[in-house]
Amino acid sequence: MRIHTGEKPYQCSECQKRFCNKQSLSRHVLTHSVEKPYQCSECQKYFSDKRGLTKHTRTHTGEKPYLCSECQKRFCNKQSLFRHVLNHSVEKPYQCSECQKYFTDKRRLTIHTRTHTGEKPYLCSECQKRFCNKQSLFRHVLNHSVEKPYQCSECQKYFTDKRQLTIHTRTHTGEKPYQCTDCQKRFCNKQSLFRHVLNHSVEKPYQCSECQKYFTDKRRLTIHTRTHTGEKPYQCTDCQKCFIDKTSLTRHRRTHTGKNPYQCSECPKDYNVKSLLAAHVRFHTGEKPYQCSECQKCFSEKTNLTKHTRTHTGEKPYQCSECQKCFREKTKLTQHIRTHTGEKPYQCSECHKCFIKKINLTHHIRAHTGEKPYQCSECQKCFSEKRHLTQHIRTHTGEIPYQCSECHKCFSEKSSLTNHIRIHTGEKPYECSECQKCFSERKTLAQHIRIHTGEKPYQCSECQKSFRQKSNLTVHVKIHTGE
């Protein structure tokens, strides 16, 4: 009866904590006593009463003696079985006053209420981190202990508790025992399923005070808020780079260790992020599960669909604070900002030339190595860049997909169309910082700047004469060849 009434007549004289029965109080009193006469033979941990030792021993043996008569699920202690049985009952008498969600027992309602209040009453004595429930604190405390008794038989990684090992093992086996009843998507742990289920619900109770965006759970709101505040609480111990969430830090650390735990079963390629492996596998299967509702074009990755959708909506959410130019993708904005700052973080180890984009460095390195990985299936000609192969293929197909809306002239490359349109508009966006002369093309500005700097990067291998432009070198070389 006291479970329903909440009455707890038995009080501890040491800490004033109250209990609903005398037996619970007796066990609790022993926690104040230094005496812990019961020791685990496996890990040498001590307990104040035999019942606590018996429960603990089952974490080593895996014994689960309590069986649910409804679904045959087994539990290691009677209390867990009791709470589980309530899930089969329609009765959920405890309601949250904030979101009206119902719970089978008062304990779960209390823990849930803390997601609204932000209360975290359980404090770690080692690092002062706070938790909303005792179980989370217990698992966290084990991280401070050197003891990690549970080892993965596949990769030899150690874990502090059996639950973490079980979840980790599923990354090797591919087991996903938790299924969404709405879309049948499966998950390897209950927490991931819970967060996913909220996506099907219209309810997004957590709102950002800065941009009014709504989120399904408090964790996502917390991470999002950091994009406004600039807070990056997770720091890499190797290079001191900081991140807004723990997942990003974990991925980054793999760039130092070189560890790529996710390997493709089809080819030797491996990845440091599971989502990248999933996207890569689709190249083997040909699966493109993400479809545009406007033009029915399909994509293998959700991010690519999001980027593509913006070509229909015209949305450009990323704005440069220097010149107010807007971009569809965050990476494009990051690259653009470097044109203002002059930052070129990617350096060639051969000639020490620096680049704004990583892909430009990759292409440049091929000039040293001579690598041309892209081959035309028609004439077997090879190219160092994929876009050059795409442009070349059009010489076979005759395709000229880019048309000027003013004069209807067609081009095989988008960049050629962009440059052509400037003839109609008169736009000359590239300005020389020395003499303020403007140009319609970036390459023309680059050639012009060499007049000021005196740079002549194109040298004849026969007579060592140098030129500002490649075309001038090509004409000059014919003097030696007699063409």
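Residues numbered from 1 in each chain as written. Predicted model: local features only at pLDDT ≥ 70, side-chain atom pairs only at ≥ 80, totals over all residues. Heavy atoms only, no water.

### Remarks on the overall build of the protein chain
Filter applied, for reference: Strands are runs of DSSP state E lasting at least 2 residues, helices are runs of H or I lasting at least 4, and numbering of each runs from the N terminus. Atoms counted for the radius of gyration: C-alpha only. Globule rule: 2.2 Å times residue count to the power 0.38. Burial classification: accessible surface area is computed with a 1.4 Å probe over protein chains only, and a residue below 20% of its type maximum counts as buried, one above 50% as exposed, and the rest as partly exposed.
A tally of regular secondary structure across the protein chain gives 18 helices and 34 strands. The C-alpha atoms of the protein chain give 32 Å as radius of gyration, which overshoots the globular expectation for 483 residues (23 Å, by more than 25%). C-alpha extents for the protein chain along the principal axes are approximately 105 × 45 × 45 Å. Counting only residues that meet the buried cut, the protein chain has 24% of its 483 residues in that class.

### Remarks on the side chain of H168
As a reminder, the rule being used: Residues count as neighbours in contact if any of their non-hydrogen atoms are within 4.5 Å of one another.
As for its placement among the helices and strands, H168 is situated in helix α7 (residues 162-173). Excluding residues that lie within four positions of it along the chain, H168 makes contacts with C152, C155, K157 and F159.

### So, helix α16 (residues 414-425)
Defined as follows: Take the residue count of a helix, subtract one, and multiply by 1.5 Å to get its expected span.
If you check α16, its first and last C-alpha atoms are 17 Å apart, about what twelve residues at 1.5 Å a residue would give, namely 16 Å. If you check which residues of α16 are buried, you get L417, H420 and R422. Elements that come into contact with the buried residues of α16 comprise β29 (402-403), β30 (410-411) and β31 (430-431). A positive backbone phi angle near 80 degrees is found at G426, which sits one or two residues after α16.

### With respect to helix α18 (residues 470-481)
Helix length check: α18, at twelve residues, gives a terminal C-alpha distance of 17 Å against a target of 16 Å (1.5 Å per residue), a fit within 8%. G482 sits one or two positions beyond α18 and adopts a positive phi of about 80 degrees.

### A closer look at unusual backbone geometry
Of note in this structure, Q296 is not a glycine but carries a positive phi near 65 degrees. Following the sequence through the fold, Q296 ends up in the loop between β21 (290-291) and β22 (298-299). Q296 gets classed as partly exposed once you look at its relative accessible area, which sits at 45%.

### Considerations on the pattern of salt bridges
It is possible for side chains of opposite charge to pair when their charged atoms get near one another. In plain terms, the rule: We count a salt bridge whenever a side-chain nitrogen from Lys or Arg sits within 4 Å of a carboxyl oxygen from Asp or Glu.
Within this structure, the stated rule accounts for eleven salt bridges. Salt-bridge contacts for E399 lead to R394; the nearest nitrogen and oxygen are separated by 3.8 Å. A relative accessible area of 43% means that E399 is categorised as partly exposed.

### What about a positive patch on the surface?
Our working rule: Two joining distances apply to patches: 9 Å for like charges and 5 Å for nonpolar side chains (Val, Leu, Ile, Met, Phe, Trp, Tyr), and every residue must have over 30% relative accessible area and no salt bridge. Per-residue and other accessible areas follow the Shrake-Rupley method at a 1.4 Å probe size, with only the shown protein chains counted as cover for residues. In this tally Asp and Glu are treated as negative and Lys and Arg as positive; neither His nor the chain ends contributes. Here the site of a charge means NZ on Lys, CZ on Arg, CG on Asp, or CD on Glu.
Side chains of K120, K129, K218, K246 and R253 sit close together on the surface and give a patch of like positive charge. Relative to the helices and strands, K120 is located in the loop between α5 (106-117) and β9 (122-123).

### A word on the state of the cysteines
Stated formally: In this description, the term disulfide denotes a pair of cysteine sulfurs within 2.5 Å.
Enumeration according to the criterion identifies zero disulfides in this entry. No disulfide involves C183; its sulfur sits 3.8 Å from the nearest other cysteine sulfur, which is in C180. The class for C183 is partly exposed, based on a relative accessible area of 34%.

### Concerning the side chain of H336
Position of H336 relative to the elements: it lies in helix α13 (residues 330-341). Accessibility expressed as a relative area gives 13% for H336, which makes it buried. Apart from the residues lying within four places of it in its own chain, the contact partners of H336 are C320, C323, K325 and F327.

### What to know about the environment of K22
Among the structural elements, K22 can be located in helix α2 (residues 22-32). The exposure class assigned to K22 is exposed, which follows from its relative accessible area of 58%. Separated by 13 residues in the primary sequence, K22 and P9 have C-alpha atoms spaced 8.8 Å apart.

### As for the environment of Q23
With respect to the element layout, Q23 can be found in helix α2. Residue class for Q23 comes out exposed when judged on its relative accessible area of 54%. Q23 sits 163 residues away from R186 along the chain, and the two C-alpha atoms are 42 Å apart.

### Side note on the environment of E455
In this structure, E455 sits in the loop between α17 (442-453) and β33 (458-459). The spacing of E455 and R468 is 13 residues in sequence and 6.6 Å in space, taken between C-alpha atoms.

### Considering the confidence of the model for the protein chain
To be explicit about the condition: Residue-level confidence of the predictor is summarised by pLDDT, bounded by 0 at the bottom and 100 at the top.
Scored by pLDDT, the protein chain comes out at a mean of 83, with 96% of its residues at no less than 70. In the model of the protein chain, helix α1 (residues 2-5) stands out as the element of lowest mean pLDDT, 65, in contrast to strand β28 (residues 382-383), which has the highest, 91.

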